[in-house]
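Take a look at the letters that make up each chain.
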Amino acid sequence: MRLAVPQGGGWLVFWLLVLAGAALFLLDEIGTMLDRYAAKDFRWSIRPVFVVTHFALALPILLFAPLQFSARLRRSWPGLHHWIGTVYLAASALAALLAIYLGVTIQFTGSRVPLVIFGTLWLAFTAAAWQTARRRDFVAHQRFVVRGVALALAFVWVRVMGIWEDQLFGFMKGELRGTTREWLSFVLPLLAVETWLTWWPSARRSFRPVCDRPSRE
């Protein structure tokens, strides 16, 4: 059974806020990165190119994600839905591979493990979404897309937590704050998604009164 993904005005407002925040964070991050590397020779370092490419892929991913969840688009224009989905998954796979590379090469040692795990999970979910679509298992496909979108939004949540870093992590110092934010930025969304997809439905069935459960006779 397909998921009952929220639709309507509230869903649109949520995505508009996410997109607006993502655009601001991306512009700020790219500007900071370019300033950081301004004194360096780009011909001798490929990392800044990969960083900008990784950031640039985020916007089409976020723009296409809400369209993929539109039941009206899927029913009325299946060809367009397929094309958007193909572009979305290809961009996600490339962004995930770049995240793994950037995680391995980042100068902050505490950030390497969370970023590599994040990129690996994102790549795995993207590959699973692609394969389940090819096999026309659209229920599993939708669930893997949801998981992938949750990870794609990690760069938004990590910066939102950074705004309130002093309030959230005032008991931590130095690089530990950044490492904690990076772990939480994808672990918390995954916990929320898995609760919605599997844990809560299973728990709700388990705690139903016995008289409400279907008889096996």
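Residues numbered from 1 in each chain as written. Predicted model: local features only at pLDDT ≥ 70, side-chain atom pairs only at ≥ 80, totals over all residues. Heavy atoms only, no water.

K.L.:
Which residues make up the overall build of the chain, and what are the values?
P.N.:
Secondary structure summary: the chain contains nine helices and zero strands in total. Across the 217 residues in the chain, those meeting the buried criterion constitute 40%. Total accessible area computed for the chain in this model is approximately 13,100 Å², and 68% of it derives from carbon and sulfur atoms. (Helix = DSSP H or I, 4+ residues; strand = E, 2+ residues; numbered from the N terminus. Buried < 20%, exposed > 50% of the residue type's maximum accessible area, 1.4 Å probe, protein only. Areas by Shrake-Rupley, 256 points an atom, 1.4 Å probe, with all protein chains shown as cover.)

K.L.:
Give a detailed account of the pattern of salt bridges, specifying residues and quantitative values.
P.N.:
Summed over all chains, the structure comprises four salt bridges. Residues Arg 147 and Glu 194 are paired through a salt bridge, measuring 2.5 Å at the closest nitrogen-oxygen approach. Of this pair, Arg 147 sits in helix H6 (residues 138-152) while Glu 194 sits in helix H9 (residues 175-206), and the two are 47 residues apart along the sequence. By the burial criterion, Arg 147 is buried, and Glu 194 matches it. Note that Glu 165 is salt-bridged to Arg 181, the shortest N-O span being 2.8 Å. Placement of Glu 165 in helix H8 (residues 165-168) and of Arg 181 in helix H9 is noted, with a sequence separation of 16 residues between them. Judged by its relative accessible area of 18%, Glu 165 is buried. Linked by salt bridges that have partners in common, Glu 165, Asp 166, Arg 177 and Arg 181 make up one network. (Salt bridge = Lys/Arg side-chain N within 4 Å of Asp/Glu carboxyl O.)

K.L.:
Tell me about the packing of H6 against H9, and name the residues and values.
P.N.:
It is at 9 Å that the axes of H6 and H9 come closest, and there the two elements cross at 155°. Here H6 lies roughly antiparallel to H9, going by the angle between them. Pair H6 / H9 crosses with right-handed handedness. Here H6 contributes Arg 143, Val 146, Arg 147, Ala 150 and Leu 151 to the contact with H9, which in turn contributes Phe 186, Pro 189, Leu 190, Val 193, Glu 194, Trp 196 and Leu 197. Within the contact of H6 with H9, the residues separate by chemical class into nine nonpolar, no polar and three charged. (Axes fitted to C-alpha atoms, helices over the stretch in contact; angles between N-to-C directions. Parallel < 35°, antiparallel > 145°, perpendicular 65-115°, else oblique. Left-handed = near helix turned anticlockwise from the far one by under 90°. Contact = heavy atoms within 4.5 Å. Nonpolar A, V, L, I, M, F, W, Y, C, P; charged D, E, K, R; others polar.)

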